[in-house]
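# Examining the three-dimensional arrangement
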Amino acid sequence: MTSADLVVANCRQLLTLAGPIPKRKQSLTDVGLLEKAWLASCRGRIVFTGQEKDFKARVRAEKNAVHIDARGLVGLPGFVDSHTHLPFAGSRVNEFRLRLKGYTYEELAKKGMGIQTTVKATRRATKSELVRLCLSRLDTMLQNGATTIEAKSGYGLNLKDEIKQLEALREASRKHPVDIVPTFMGAHEIPKEYRSRKSAYVNFLLRRVLPEVKRKKLAEFFDVFCEEGIFSLEDTRRLADGAKWAGLKVRIHADEFTPLGGAELASEIGALSADHLINITPEGIRKLARSDTVATLLPGVSFFLMLDKKAPARQLIEEGAIVSLASDFNPGSSMVSSMLFVLQLGVFLLRLTIEEAINAVTANAAFALGRHKEVGSLEPGKKTDLLLCELPDYASLVYHLGINPIRYIIKNGRVVVKDGRRL
Ligand code: NIG
Ligand code: FE
């Protein structure tokens, strides 16, 4: 008999997402569906999923165990948001209004707005203001289903303010149940001070900032905006080498606005993920499909920037790439805090099937962060990160828009949202 301190009884449907991870092609159609299922957890880890009969034979609930009656509820793993720009200050609502008048995102950036607007506001903010902003955003993201999120710096673009963003993340992470995976993204844009001296900025990142990030152990990943007019393929390669030297794993903003070849480079250098890919080349698709680099698609960007062009999700899946979906939560190109909405956009904009999209926000997203042994599926030994939704069936996660059906959220085996309210 195994003991349990949390028992979830009688889920109408339970999606375990179990199976070899990462998932490609056909295996993306399997969500590990169990009907009338039970789940048990002990000290934050899953100890059982299955039918009542087996539960009774194998699990003994401890005296003070928490019991949840999940009749009428659909259970699935907490979502993993593998791409966010969480710790920023200020707002870009005025630039949003300009976009609605016809200016494009790139035009605003060329006028010195865009990322630079947020850099100014973030440099002015204190660390504790950033912590407060992160905590309140984490609450919203949690209530919309995310239980693990990646979060990037990249609005400081100097030593002091990049470190300030990463320290704010560390502090927020200590105070909030959502797990945060920190990424150093000093290579998000070329700061004003270095406008005409890009290689000096690359050197500065390599010689001054990366060693400090390493010394303070502030990040697990390195990210770079590989884009025409920002960081070239050559810059990206140099930066990625430096990041690996500093013990960081690499992910790349690739082929967002122009088909530069970021996806090819990402697969060549063994990046964990190539993100965006709206303008990926046919060669990029082939290379990703043959590698373990995840194709992370961010449909919030095509939606929020009202682009006709979308990432070629169907082709990526059909050729065999590991596809995942993330929010890209940021104030300029995707002010989207809801992974539930991202799941829906994956189906409506990118034409994933419901099952593919669910895999893409759970198991494959966890793989994109190197966390697939911990989260992203409901299997014995993994963290008990569980959403319980009041829905007739799991397809209604996508079918019924504009509601939040999540009644319970269990994070690390503890109930953190009950009846839709944060405890
Ligand atoms: O992923 N492309 C670069 N970075 C973000 C946008 C950040 C911003 O506009 O503030 C992105 O789209
Ligand atoms: Fe981004």
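Residues numbered from 1 in each chain as written. Chains lettered and ligands numbered in written order. Predicted model: local features only at pLDDT ≥ 70, side-chain atom pairs only at ≥ 80, totals over all residues. Heavy atoms only, no water.

### Considering the domain arrangement of the chain
Per the domain assignment, the segments making up the chain are domain 1 (2-78 + 377-422) and domain 2 (79-368). Computed from C-alpha coordinates alone, the two centres of domain 1 and domain 2 are separated by 29 Å. Each partner contributes residues to the interface: domain 1 has 36 residues there, and domain 2 has 36 residues. With both sides pooled, the region where domain 1 packs onto domain 2 buries about 3000 Å², and carbon together with sulfur makes up 64% of that total. Applying the counting criterion to the domain 1 and domain 2 interface returns four salt bridges. (Domains from an automatic or database assignment. Contact = heavy atoms within 4.5 Å. Buried area = accessible area lost by both parts, 1.4 Å probe. Salt bridge = Lys/Arg side-chain N within 4 Å of Asp/Glu carboxyl O.)

### Focus: the coordination of the iron ion (ligand 2)
Donor atoms from the polypeptide that bind the iron ion (ligand 2) are His83 (NE2), His85 (NE2), His253 (NE2) and Asp328 (OD), placed at 2.1 to 2.3 Å. Counting gaps between the donor residues of the iron ion (ligand 2) yields the pattern H-x1-H-x167-H-x74-D. Taken together, the residues His83 in the loop between strand E6 (79-81) and helix H2 (93-100) and His253 in strand E10 (residues 249-254) connect sequence positions 170 residues apart. His253 shares its class with His83; the two are buried. (Donors = N, O, S within 2.8 Å, 3.2 Å for Na, K, Ca; no water. Helix = DSSP H or I, 4+ residues; strand = E, 2+ residues; numbered from the N terminus. Buried < 20%, exposed > 50% of the residue type's maximum accessible area, 1.4 Å probe, protein only.)

### Considerations on the packing of aromatic side chains
Tallied over the entire structure, the rule returns twelve aromatic pairs. Relative to Phe257, the ring of Tyr105 has its centre 5.4 Å away and its plane inclined at 20 degrees; by these criteria the two rings are stacked. Taken together, the positions of Tyr105 in helix H3 (residues 105-110) and Phe257 in the loop between E10 and helix H9 (262-268) put the pair 152 residues apart, joining distant regions of the chain. Chaining the aromatic ring pairs together yields one cluster made of Tyr194, Tyr201, Phe204 and Phe231. Positioned above the aromatic ring of Phe88, the side-chain terminus of Arg137 is 3.8 Å from the ring centre. Between Lys214 and the ring centre of Trp245, over which it is positioned, the NZ or CZ distance is 5.5 Å. (Phe/Tyr/Trp six-rings, centres within 6.5 Å; stacked < 30°, edge-to-face > 60°. Lys NZ or Arg CZ within 6 Å of the ring centre and 35° of its normal.)

### Concerning the sheet that holds strand E9 (residues 221-226)
One open sheet holds the eight strands; their spatial order is E6-E7-E8-E9-E10-E11-E12-E13, and the pairing between them is parallel. Where the open sheet ends on each side, the last strands, each with one partner, are E6 and strand E13 (323-325). Averaged over neighbouring strand pairs, the angle between their axes works out to 25 degrees when direction is ignored. The pairing of E6 with strand E7 (residues 146-152) spans three bridges and is classified as parallel. (Pairing = 2+ DSSP bridges. Axes fitted to C-alpha atoms, helices over the stretch in contact; angles between N-to-C directions.)

### Some words on empty space enclosed by the protein
Scanning all chains against the criterion turns up four cavities of 30 Å³ or more. Empty space within the largest cavity amounts to approximately 100 Å³. Grouping the constituent residues of the lining of the largest cavity by class yields five nonpolar, six polar and two charged. Taken as a whole, the second largest cavity encloses approximately 60 Å³ of empty space. Sorting the residues of the lining of the second largest cavity by element identifies H2 and H3 as the ones contributing at least two each. A per-element tally of the lining of the second largest cavity places H2 first, with three residues. In the lining of the second largest cavity, the residues fall into five nonpolar, two polar and three charged. (1 Å grid on protein atoms, 1.4 Å probe; cavity = no way out; pocket = protein on both sides within 12 Å on 5 of 7 lines; lining within 4 Å. Points joined across faces, edges and corners; volume = space filled by probe spheres on them. Nonpolar A, V, L, I, M, F, W, Y, C, P; charged D, E, K, R; others polar.)

### Thoughts on helix H13 (residues 339-348)
Residues spaced three or four apart along an α-helix point in a common direction, a consequence of the helix completing one turn every 3.6 residues. Counting buried positions along H13 gives eight out of ten residues, so the element sits mostly inside the fold. Considered for burial, the residues of H13 that qualify are Met339, Leu340, Val342, Leu343, Gln344, Leu345, Gly346 and Val347. You can read the cap of H13 off the contacts: a side-chain oxygen lies 3.3 Å from the backbone nitrogen of Leu340, and it is on Ser338. (Polar contact = N/O pair within 3.5 Å; in protein donor to acceptor, adjacent residues only side chain to side chain.)

### Quick look at the site of ligand 1
Lining the immediate environment of ligand 1, one finds 15 residues, of which Arg92, Tyr105, Tyr155, Glu256 and Ser333 sit closest. A distance of 2.8 Å separates an oxygen atom of ligand 1 from a polar side-chain atom of Asp328. The protein chains hide 100% of the 330 Å² of surface that ligand 1 would expose on its own. Comparing atom positions with the cavity grids shows ligand 1 to sit within the largest cavity. Class assignment of the residues belonging to the shell around ligand 1 gives a composition of four nonpolar, eight polar and three charged. (Near = heavy atom within 4 Å. Areas by Shrake-Rupley, 256 points an atom, 1.4 Å probe, with all protein chains shown as cover. Sits in = over half its atoms within 2 Å of the grid points.)

### Some details on the nonpolar core
With 113 residues, the main nonpolar core has Phe184, Leu277 and Leu316 as its most contacted residues. The dominant element in this core, judged by the number of residues it contributes, is helix H7 (residues 198-215), at eight residues. Sequence-distant contacts of Leu277, that is, excluding residues within four places in its chain, are made with Ala254, Asp255, Ala263, Leu288, Ala295, Thr296, Leu297, Ala311, Pro312 and Leu316. (Core = buried A, V, L, I, M, F, W, Y, C linked by side-chain atoms within 4.5 Å.)

### Side note on H7
Compared with the 26 Å implied by 1.5 Å per residue over 18 residues, the 25 Å span of H7 between its first and last C-alpha is a close match. The set of residues buried in H7 consists of Tyr201, Val202, Phe204, Leu205, Leu206, Val209, Leu210 and Val213. Among the structural elements, helix H6 (159-175), strand E8 (179-187), E9 and helix H8 (233-245) are those in contact with the buried residues of H7. Backbone geometry just downstream of H7 places Lys217 in the positive-phi region, at approximately 50 degrees. (Expected span 1.5 Å × (residues − 1).)

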